[in-house]
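Structural description and commentary
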Amino acid sequence: MAIDPVCKMKVDPEKAAVKAEYQGQTYYFCAPGCKVAFEKKPKKYLEEADEGEGHHHHGR
Ligand SMILES: [Zn+2]
């Protein structure tokens, strides 16, 4: 499974409605809106993903 870098949903590459190539990588999206957001600021989403899981566990 691929991860939609915008909303972090799991996306099946076989069924993905939308995909985009960026720096030689193919990214899959759950919806056209996510692709648009990604293409506006790809670095934002990729850096956030890169930063790791550690920042998303504040809620407990
Ligand atoms: Zn999405």
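Notes on the structure in this doc start here.

**Side note on the coordination of the zinc ion**
Looking at the zinc ion, one finds its protein donor set to be D4 (OD), C7 (SG), C30 (SG) and C34 (SG), positioned 2.0 to 2.3 Å from the metal centre. In this structure, the zinc ion is coordinated by 4 donor atoms arranged in tetrahedral fashion, with angles at the metal of 102 to 123 degrees. Coordination of the zinc ion draws on donor residues from a single chain, spaced D-x2-C-x22-C-x3-C in sequence. Of this pair, D4 sits in the loop between β1 (2-3) and β2 (10-11) while C34 sits in helix α1 (residues 32-40), and the two are 30 residues apart along the sequence. Take D4 and C34: they sit in the same class, and that class is buried.

**A short note on the pairing of strand β3 (residues 18-22)**
Only one face of β3 is covered, namely the one carrying V18, A20 and Y22; the face carrying K19 and E21 has none of its residues buried. Alignment of β3 against strand β4 (residues 25-29), held across 5 bridges, turns out to be antiparallel. What sits directly across from V18, in β4, is F29. Following β3, the chain reverses through 2 residues before pairing antiparallel with β4; Q23 in that reversal takes a positive phi of roughly 50 degrees.

Cut-offs applied
Residues numbered from 1 in each chain as written. Predicted model: local features only at pLDDT ≥ 70, side-chain atom pairs only at ≥ 80, totals over all residues. Heavy atoms only, no water. Donors = N, O, S within 2.8 Å, 3.2 Å for Na, K, Ca; no water. Tetrahedral: all angles 85-135°; square planar, octahedral: opposite > 155°, others 65-115°. Helix = DSSP H or I, 4+ residues; strand = E, 2+ residues; numbered from the N terminus. Buried < 20%, exposed > 50% of the residue type's maximum accessible area, 1.4 Å probe, protein only. Pairing = 2+ DSSP bridges.

Spatial relationships are all this shows, so hold off on functional conclusions.
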